[in-house]
Amino acid sequence: MVSIEDYGEYETEWCPGCGNFGILKSIKQALVNLEKDPHEVFIASGIGQSSKLPHYLKCNMFNGLHGRSLPPAIGAKMANHELTVLAVAGDGDCYGEGGNHFIHNIRRNPDITLIVHDNQIYGLTKGQASPTSEPGMKTKIQNHGVFNTPLNPLAMAISLDCSFVARGYAGDVAHLITLIERAINHRGFSLVDVLQPCVSFNKLNTFKWYSERVYKMDESEYARDDQVHAFAKSLEWGEKIPLGVFYEKGKPVFEDNFDALKSSTLVKSKYETEKVNELIDSFV
Ligand SMILES: Cc1ncc(C[n+]2csc(CCOP(=O)(O)OP(=O)(O)O)c2C)c(N)n1
Ligand code: SF4
Ligand SMILES: [Mg+2]
């Protein structure tokens, strides 16, 4: 039986009270609830406070470049599609620097789960506006207030027919655990955007601010594969902010397109030197 202790307990570099703790706790608990042994799990990340998360879990991990959590995640999935593959990223990392990877991997639909720590700020670099920052919010750089239109990650993902789209809140761990479990169980690209207070640099979107606004959608009231409904719901933001699974649709996954992956994983396949040499020679 898998236990929380199997995933280790590490000292973190995060500020006391940061929303990242709720996300770490939720990921760990979801993996334990799903009986995933640490050796069956791979987590990739880029750069940011959020991207430090794989360092605090005892499992396979890769911490790479800013905006680049998805490429190693897809690489690991292709090398061993029996792995449970997660990518974690910040809002800047995923929707800014890694925006192209976000878009095109939704289109590919690999069976991986992307968890975005959406604190509406660049935390690691001490508080510049991110793609999801509220218009008007003042920072040390945006000292006249943010004037760019915020990116709506859920609307974007739903418009791209992303196969699983959810929003959680780092202040509601019990709910977030269920969302992450469902995202991992879903076969296809799963996005869980998590509202994550940054207590040091985002003085607008605080625990209090989110707690006064978030509510859980009643899933019995809509069909989860209704793209138009999901898109309309994703536009709701302000006085009330919906949480839960907005959109879920079964679709063929990227890995299914490759005959070589049908009988076995690449890591279990025999390496045939002669065939590789033949292939290399064919390019001459
Ligand atoms: C290509 C590149 N550009 C910029 C940086 C500097 N940088 C490091 S982390 C970061 C922002 C992180 O913000 P976010 O992804 O939202 O993560 P958070 O720290 O808020 O969790 C930036 C701009 C970098 N490391 N690499
Ligand atoms: S700067 Fe913000 S996001 Fe980073 S650890 Fe501190 S509270 Fe968390
Ligand atoms: Mg951020």
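Located above this text is the structure these notes cover.
Residues numbered from 1 in each chain as written. Chains lettered and ligands numbered in written order. Predicted model: local features only at pLDDT ≥ 70, side-chain atom pairs only at ≥ 80, totals over all residues. Heavy atoms only, no water.

Q: I'd like a rundown of the site of ligand 2, residues and numbers included.
A: In the region of ligand 2, the neighbouring residues are Trp14, Cys15, Cys18, Asn20, Gln49, Asn119, Gly123, Gln196, Cys198, Val199, Ser200 and Phe201. Applying the majority rule of atoms within 2 Å of the grid points places ligand 2 in the largest cavity. When the residues that make up the shell around ligand 2 are grouped by side-chain class, the tally is six nonpolar, six polar and no charged. (Near = heavy atom within 4 Å. 1 Å grid on protein atoms, 1.4 Å probe; cavity = no way out; pocket = protein on both sides within 12 Å on 5 of 7 lines; lining within 4 Å. Sits in = over half its atoms within 2 Å of the grid points. Nonpolar A, V, L, I, M, F, W, Y, C, P; charged D, E, K, R; others polar.)

Q: Could you give me a rundown of the sheet that holds strand S5 (residues 164-169), with the residues and numbers involved?
A: Strand order across the open sheet formed by eight strands is S2-S1-S3-S4-S6-S5-S8-S7, with mixed pairing between neighbours. Strand pairing shows two members of the sheet lacking a second neighbour, strand S2 (60-63) and strand S7 (214-216), which therefore form its edges. Shown here is a sheet whose adjacent strand axes are inclined to one another by a mean of 20°, direction ignored. Here S5 pairs with strand S6 (residues 190-195) via six bridges, running parallel. In the strand pairing of S6, Ala166 is matched with Val192. Sheet strands touched by helix H6 (residues 173-185): strand S3 (84-90), strand S4 (113-118), S5, S6, S7 and strand S8 (241-248). Its angle to S5, the strand with the most contacts, is close to 160°. (Pairing = 2+ DSSP bridges. Helix = DSSP H or I, 4+ residues; strand = E, 2+ residues; numbered from the N terminus. Axes fitted to C-alpha atoms, helices over the stretch in contact; angles between N-to-C directions. Contact = heavy atoms within 4.5 Å.)

Q: Describe in detail empty space enclosed by the protein, supporting the description with residues and values.
A: Rolled over the atoms, a probe with the dimensions of a water molecule shows which regions are left empty. Applying the stated criterion across every chain yields a total of one cavity of 30 Å³ or more. Looking at the largest cavity, its volume works out to about 80 Å³. Every residue lining the largest cavity is listed: Trp14, Cys15, Cys18, Asn20, Gln49, Asn119, Gly123, Gln196, Cys198, Val199, Ser200 and Phe201. (Points joined across faces, edges and corners; volume = space filled by probe spheres on them.)

Q: Can you lay out the packing of aromatic side chains for me, pointing to particular residues and giving the numbers?
A: Within this structure, the stated rule accounts for eight aromatic pairs. Ring plane angle 90° and centroid distance 5.0 Å describe the contact between Trp14 and Tyr56, whose orientation is recorded as edge-to-face. Of the two residues, Trp14 sits in the segment before helix H1 (20-33) while Tyr56 sits in the loop between strand S1 (41-45) and S2, which places them 42 residues apart along the sequence. You'll find Trp14 and Tyr56 in the same group, each marked buried. With a centroid separation of 6.1 Å and 45° between ring planes, the pair formed by Trp209 and Trp237 is classed as tilted. Pair noted here: Trp209 is in helix H7 (residues 207-211) and Trp237 is in the loop between helix H8 (227-234) and S8, with a separation of 28 residues, a long-range link. A cation over a ring is seen here: Arg108 above Phe254, with NZ or CZ 5.9 Å from the ring centre. It is Lys240 that lies over the ring of Tyr215; its NZ or CZ is 4.6 Å from the centre. (Phe/Tyr/Trp six-rings, centres within 6.5 Å; stacked < 30°, edge-to-face > 60°. Buried < 20%, exposed > 50% of the residue type's maximum accessible area, 1.4 Å probe, protein only. Lys NZ or Arg CZ within 6 Å of the ring centre and 35° of its normal.)

Q: Got a sec to walk through a negative patch on the surface? Specific residues and values, please.
A: Together, Glu272, Glu274, Glu278 and Asp281 line one region of the surface with negative charge. Mapped onto the elements of the fold, Asp281 is located in helix H9 (residues 273-282). (Patch = residues over 30% accessible without salt bridge, like charges linked within 9 Å, V, L, I, M, F, W, Y side chains within 5 Å. Areas by Shrake-Rupley, 256 points an atom, 1.4 Å probe, with all protein chains shown as cover. Salt bridge = Lys/Arg side-chain N within 4 Å of Asp/Glu carboxyl O. Lys, Arg positive; Asp, Glu negative; His and termini not counted. Charge placed at Lys NZ, Arg CZ, Asp CG, Glu CD.)

Q: Give me the coordination of the magnesium ion (ligand 3): which residues, what numbers.
A: All of the protein donors around the magnesium ion (ligand 3) are Asp91 (OD), Asn119 (OD1) and Ile121 (O); their distances to the metal are 2.1 to 2.2 Å. Of the residues examined, Asn119 reaches a relative accessible area of 7% and is grouped as buried. (Donors = N, O, S within 2.8 Å, 3.2 Å for Na, K, Ca; no water.)

Q: Can you explain the packing of helix H2 (residues 70-79) against helix H4 (residues 99-108)? Please cite residues and give values.
A: Between H2 and H4, whose axes approach to 10 Å, the crossing angle comes to 35°. Of the residues in H4, those in contact with Leu70, Pro71 and Ile74 of H2 are His101, Phe102 and Asn105. Residue composition of the contact of H2 with H4, by class: four nonpolar, two polar and no charged.

Q: Go over the pattern of salt bridges, please, and point to the residues and values.
A: Pairs can form between side chains of opposite charge once their charged atoms are near each other. Applying the stated criterion to the full structure yields 15 salt bridges. The residue Asp161 makes a salt bridge to Lys249 at a minimum N-O spacing of 3.1 Å. Taken together, the positions of Asp161 in the loop between helix H5 (153-159) and S5 and Lys249 in the loop between S8 and H9 put the pair 88 residues apart, joining distant regions of the chain. Measuring nitrogen to oxygen at the nearest pair gives 3.1 Å for the salt bridge that ties Asp259 to Lys262. Members of the salt-bridge network, linked through shared partners, are Arg182, Glu219, Arg224 and Glu248.

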